[in-house]
Amino acid sequence: MAKTPEQDERFDAIIVGAGFAGLYALYRLRGAGLRARVYEAGDNVGGTWYWNRYPGARCDAESLVYSFSFSEALEQEWEWSERYATQPEILRYAEHVADRFDLRRDIRFERRVASAHFDEIPGLWRVVTDQGDRAQAPLCLMATGCLSVPQIPDIPGLDDFAGQRYQASLWPHEGVDFEGQRVGVIGAGSSAIQAVPIIAEQASRLTVFQRTPNFSVPAHNAALDPEFVEEFKTHYREHRRLHQRGLASGFGGVEIQPKEFAPAAPSALALSDEQLDRICEEWWEIGGARFLGAIGDTMISEEANQLVADFVHRKIREIVKDPITAEALCPTSYPIGTKRICVDTGYYETYNREDVRLVDLQTTPIERIVRDGIQTTEEHIPLDSLVLATGFDAMTGALLRMDIRGRNGQRLRDKWSAGPRAYLGLMAAGFPNLFLITGPGSPSVLSNMIVSIEQHVDFIMDCLETMKIRGVEQIEASPEAEEQWVAHVNEVAAATLFPKGGSWYLGANVPGKPRVFMPYAAGVGPYRKICEDVAANDYRGFIFGASSRDA
Ligand code: NAP
């Protein structure tokens, strides 16, 4: 249905995206009495959980903590069914939030923001969508998500394939029935690792084309025990406080039990083989991404990291019966955790099925995709359907796809040509009143995203309140503060093993993308403290200015 574009309507704020970040930003802005407009490319709310409908898609943070904390009524009334919620359940939650807080009336769906230009004289962001909407506001919030631009691989012959082709992150809403089909999956990251066991149950034959193996830890997913949930909900405030303060190392805000908030041992190097094995086994049994937090120096010491990786290699060899497949599934080219660790349900076990096969592209690379399958250097593999689980142009992709221009017409694309630069991951110098929610330089993808979204939006709201009290209308990052912050983000990353991963954290999965470690690796607790300290010290590093509208 044709949409009537909005023409030059004036708002107090424009929000790009109606995922969790956009929804919470809208809720808070409205609560502050501001009139906001949200533009969203999808036809519903939910962001990443709207688009990623591939079979097996579920969160790798536990449901009880991957949820909003801003409303006690919401957190008490919403009932999660499983330890790790499925994509449909999380999408229902996002829809419930939108309806419960009556957010939809300010969201315009099926509109992708094409450009956002800062007009200095009135001090306004002028935003244009692909549907021809034109809107303006003094404030613009980018809630565009960190993993929202699919990365389509440049494999020769991709468009020659005559069967059905699917991108994991753009899955058909009506679902796909692979019954009786020969299916190929390209990729071995989180998306593939979740999809493969489910596709294997339907397909007559499944072939996984793996270039680099990933480390995966079992989810041990199960229905949530009502007694446990009740107990957890009784102490929700304390749980939230711990997640926000990030008492754990590494992944902030995913812990459930008190013991998970601190490593079981500070260093792998001080442990006997038996002690290390016992701890790793215990955390493997707890399951999930916090396995990386079991030993304090896993992400700092290469030697310690190798010991933890060896444990996972042993697990893979124990589970996968065919020794050649097991070896191909053991990652050896990077330290564990430096590529985002995966969380699975029966992934390695799937390779014990007779109808599932792993093709190791390191020994037999794809030569080209042909009409009826894939030709490797060794053989022709016939396929009816092809699934691309090939990842995303992460963190900067969605921002740079838009034509964003700040002061003096400076393009964000040009400013970030050598990699993203933003003070606290929140604001780029030269782009006044443009806030990046969970932008590069903030903990974002190394944390529970909802914890980090709420923290950023709360920071922005406090900042707007301060501006209102002072009667100023503009804020921007100072170039010096931005410079220092970018150096600090690099310094923190360099003290860890993260940069050794060749991961999407570094932009290494996108040909030609600058290699810069994008998230802030010190954890959500230290980051929150820094932000609080900045606010308490007169928003140190930010410059306030009156809008020229008042001049
Ligand atoms: P990903 O981790 O970037 O994995 C992409 C896979 O595609 C890699 O195995 C990559 O191989 C392969 N690939 C890319 N181009 C290729 C080519 N030309 N030929 C052969 N293989 C190619 O992407 P993802 O699995 O979508 O996951 C991305 C992130 O999304 C995750 O790390 C996670 O943060 C998030 N995610 C979360 C969940 C969850 O919450 N449960 C689920 C899915 C995704 P190389 O490694 O060799 O490049």
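Everything numeric in this text was worked out from a predicted model, so none of it was measured.

**Quick look at the sheet that holds strand E4 (residues 107-108)**
1) Next: As summarised here, the arrangement of the five strands in space is E4-E3-E2-E8-E20, forming an open sheet in which the pairing is parallel. Sheet topology places E4 and strand E20 (434-436) at the edges, where each strand pairs with a single neighbour.
2) Next: Pairing of strand E3 (residues 36-39) with E4 involves two bridges; the strand directions are parallel. Looking across to E4, one finds that Tyr 39 is bridged to Arg 108.
3) Next: Contacting strand E2 (13-16), E3, E4 and strand E8 (139-142), helix H1 (residues 20-31) runs over the sheet at an angle of about 165 degrees to E2.

**Focus on helix H14 (residues 449-470)**
For an α-helix, the turn length of 3.6 residues means that residues three or four places apart are oriented alike.
1) Next: In this model, H14 (22 residues) spans 32 Å end to end at C-alpha, consistent with the 32 Å of a helix rising 1.5 Å per residue.
2) Next: The opening residue of H14, the one whose side-chain oxygen lies 3.1 Å from the backbone nitrogen of Ile 450, is Asn 448.
3) Next: Gly 471 lies just past H14 and shows a positive phi near 75 degrees.

**Things to note about the site of the ligand**
1) Next: Around the ligand there are 24 residues in total, and Arg 58, Ala 188, Ser 191, Arg 211 and Thr 212 lie nearest to it.
2) Next: For the ligand, an oxygen atom lies 2.8 Å from a polar atom in the side chain of Arg 211.
3) Next: One of the side-chain nitrogen or oxygen atoms of Trp 504 is found 3.0 Å away from an oxygen atom of the ligand.
4) Next: Isolated, the ligand exposes 900 Å² of accessible area, and the fraction of that covered by the protein chains is 86%.
5) Next: Here the residues of the shell around the ligand sort into 11 nonpolar, eight polar and five charged.

**What to know about the side chain of Thr 496**
1) Next: Relative to the elements of secondary structure, Thr 496 occurs in the loop between helix H15 (479-494) and helix H16 (524-536).
2) Next: At 3.1 Å, the side chain of Thr 496 and the backbone nitrogen of Phe 498 are in polar contact.

**Some remarks on the layout of surface pockets**
1) Next: Approximately 450 Å³ is the volume found for the second largest pocket.
2) Next: Along its surface, the second largest pocket is lined by 17 residues, and Leu 34, Leu 139, Leu 464, Lys 468 and Val 472 are the ones closest to its centre.
3) Next: In terms of residues, the lining of the second largest pocket owes the most to one element, H14, which gives five residues.
4) Next: A per-class count over the lining of the second largest pocket returns eight nonpolar, two polar and seven charged.

**A closer look at the packing of aromatic side chains**
Aromatic rings considered in pairs are described by the distance between their centres and by the relative angle of their planes.
1) Next: All told, the structure shown has 40 aromatic pairs when counted by the stated rule.
2) Next: Between Phe 232 and Tyr 236, the ring centres sit 5.4 Å apart and the planes meet at 80 degrees, which makes this aromatic pair edge-to-face.
3) Next: On the accessibility criterion, Tyr 236 (2% relative accessible area) is buried.
4) Next: One aromatic cluster is present, built from ring pairs that chain together Phe 20, Tyr 24, Tyr 27, Trp 49, Tyr 66, Phe 68, Phe 70, Trp 78, Trp 80, Tyr 93 and Phe 101.
5) Next: The ring of Tyr 50 carries Arg 53 above its face, with NZ or CZ at 4.9 Å from the centroid.
6) Next: We note Lys 339 situated over the ring of Tyr 334; from NZ or CZ to the ring centre the distance is 5.4 Å.

**Some remarks on the pattern of salt bridges**
1) Next: The full count for this structure, using the stated rule, is 40 salt bridges.
2) Next: Salt-bridge contacts for Arg 240 lead to Glu 75; the nearest nitrogen and oxygen are separated by 3.0 Å. With Arg 240 in helix H7 (residues 236-245) and Glu 75 in helix H3 (residues 72-77), this residue pair connects regions lying 165 residues apart in the sequence. Glu 75 shares its class with Arg 240; the two are buried.
3) Next: Across the pair Glu 318 and Lys 315 runs a salt bridge, and its minimum N-O distance is 3.8 Å. Pair noted here: Glu 318 and Lys 315 are both in helix H9 (residues 302-319), with a separation of three residues, about one helical turn.
4) Next: The exposed category is assigned to Glu 318, whose relative accessible area is 59%.
5) Next: Accessibility expressed as a relative area gives 10% for Lys 315, which makes it buried.

Reading the values: the criteria
Residues numbered from 1 in each chain as written. Predicted model: local features only at pLDDT ≥ 70, side-chain atom pairs only at ≥ 80, totals over all residues. Heavy atoms only, no water. Pairing = 2+ DSSP bridges. Helix = DSSP H or I, 4+ residues; strand = E, 2+ residues; numbered from the N terminus. Contact = heavy atoms within 4.5 Å. Axes fitted to C-alpha atoms, helices over the stretch in contact; angles between N-to-C directions. Expected span 1.5 Å × (residues − 1). Polar contact = N/O pair within 3.5 Å; in protein donor to acceptor, adjacent residues only side chain to side chain. Near = heavy atom within 4 Å. Areas by Shrake-Rupley, 256 points an atom, 1.4 Å probe, with all protein chains shown as cover. Nonpolar A, V, L, I, M, F, W, Y, C, P; charged D, E, K, R; others polar. 1 Å grid on protein atoms, 1.4 Å probe; cavity = no way out; pocket = protein on both sides within 12 Å on 5 of 7 lines; lining within 4 Å. Points joined across faces, edges and corners; volume = space filled by probe spheres on them. Phe/Tyr/Trp six-rings, centres within 6.5 Å; stacked < 30°, edge-to-face > 60°. Buried < 20%, exposed > 50% of the residue type's maximum accessible area, 1.4 Å probe, protein only. Lys NZ or Arg CZ within 6 Å of the ring centre and 35° of its normal. Salt bridge = Lys/Arg side-chain N within 4 Å of Asp/Glu carboxyl O.

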